[in-house]
Amino acid sequence: MNNTASGVDALSSNTTGGANTASGRGALSFNTTGSDNTATGVSALNSNTTGSSNTASGYQALLFNTTGNYNMASGVQALSSNTTGTSNTASGGGALQNNTEGWYNTASGSYALNANTTGGANTASGYAALWDNTTGTSNAASGAWALSSNTTGNLNTAVGYLAGYNATTGSDNLFLGAEVRGTAADTNLIRIGRAYD
C-alpha cells in the first residue's frame, strides 16, 4: 500500500510492506513486510526484508540491511554492511561501512567509523574519524583522523585534527587540540595541547 518503485527490480519482492519508496535498480528489491523505507540509488536497501523507517541514499547504501530499523545512510556504501543495527546515522562515502549490529552511532564524513562492526553510541565527525573502531562504545571524535586508530577503547573524547590518533585500546581519555595524538597505552588521561610531545 502506498509504495512507489522506479527501476529494475525495485521493490520486486514486496508483499505487505507499505509507504516505501524505491528509486534505482535493485532498490529495496527483497523487501517483504518492511514499511516507511526510502531507498534512492542502485542497490540501496537491497537486502531489506522487514526493517522499517530506514533511509538510504547512494550506491549500495544500507545494502545488506535486513531487519534494522531507523537507520539513515547518505553516501556511496554508507552503512552498507549493516544487517540488524538500529538507529545509526551515516553521512559520507564509506561512513559506518562495516557496521553490522552496532546501534546509536553517528558518523559524519567520508570513512568516519568505517571499521565499526558492533560498537554503539559512538559519534565521529570528520574524514576517517574513529576509522579503525570495531567494538568500542561511547566514543566521540571531532576532526579529520581524530581517534582513527581506536579499535576497542571506550568513553574516549578527541577534538581536533589527528587528536587521539595513536590511542588504540585505552578508555576514558580526553584529547584536546590538533595533533594531540596521545599514545597507544593511554588510559584515563587528559591531554591538552602538544606540551607533552
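Residues numbered from 1 in each chain as written. Predicted model: local features only at pLDDT ≥ 70, side-chain atom pairs only at ≥ 80, totals over all residues. Heavy atoms only, no water.

Engineer: I'd like a description of the environment of Ser108, backed by residues and values.
Structural biologist: Relative to the helices and strands, Ser108 resides in strand β7 (residues 106-108). Note on Ser108: relative accessible area 35%, which makes it partly exposed. Here Ser108 is in contact with Ser91, Ala124, Ser125 and Gly126, once residues within four sequence places are set aside. (Helix = DSSP H or I, 4+ residues; strand = E, 2+ residues; numbered from the N terminus. Buried < 20%, exposed > 50% of the residue type's maximum accessible area, 1.4 Å probe, protein only. Contact = heavy atoms within 4.5 Å.)

Engineer: Mind laying out the sheet that holds strand β6 (residues 89-91), listing which residues take part and the relevant values?
Structural biologist: The strand order across the open sheet formed by 12 strands is β1-β2-β3-β4-β5-β6-β7-β8-β9-β10-β11-β12, and the pairing between neighbours is parallel. Every other strand in the sheet has two partners, leaving β1 (4-6) and β12 (190-192) as the edge strands with one partner each. Direction aside, neighbouring strands of the sheet carry axes that sit 5 degrees apart on average. Sheet analysis places strand β9 (residues 140-142) next to strand β10 (residues 157-159), joined by 3 bridges and oriented parallel. In the sheet register, Ala141 faces β10, and the bridge partner there is Ala158. (Pairing = 2+ DSSP bridges. Axes fitted to C-alpha atoms, helices over the stretch in contact; angles between N-to-C directions.)

Engineer: Which residues make up the packing of aromatic side chains, and what values go with them?
Structural biologist: Taken as a whole, this structure holds 4 aromatic pairs when the rule is applied. Consider the rings of Tyr127 and Trp145, whose centres lie 5.4 Å apart with planes at 70 degrees: the pair is edge-to-face. Taken as a pair, Tyr127 in the loop between β8 (123-125) and β9 and Trp145 in the loop between β9 and β10 lie far apart in primary sequence, 18 residues in all. Taking the relative accessible area as the measure of exposure, Trp145 reaches 28% and is therefore partly exposed. Both rings, one in Trp131 and one in Trp145, keep their centres 5.8 Å apart while their planes meet at 25 degrees; by these two values the pair is stacked. Linking Trp131 in the loop between β8 and β9 with Trp145 in the loop between β9 and β10, this pair joins segments that are 14 residues apart in sequence. (Phe/Tyr/Trp six-rings, centres within 6.5 Å; stacked < 30°, edge-to-face > 60°.)

Engineer: I'd like a description of the pattern of salt bridges, backed by residues and values.
Structural biologist: Applying the stated rule across the entire model yields 3 salt bridges. The salt bridge partner of Glu179 is Arg194, with a shortest N-O separation of 3.7 Å. Taken as a pair, Glu179 in the loop between β11 (174-176) and β12 and Arg194 in the segment after β12 lie far apart in primary sequence, 15 residues in all. Close ionic contact of Asp186 with Arg191 constitutes a salt bridge, the shortest N to O distance being 2.8 Å. Take Asp186 and Arg191: they sit in the same class, and that class is buried. Salt bridges sharing common partners tie together Glu179, Arg181 and Arg194. (Salt bridge = Lys/Arg side-chain N within 4 Å of Asp/Glu carboxyl O.)

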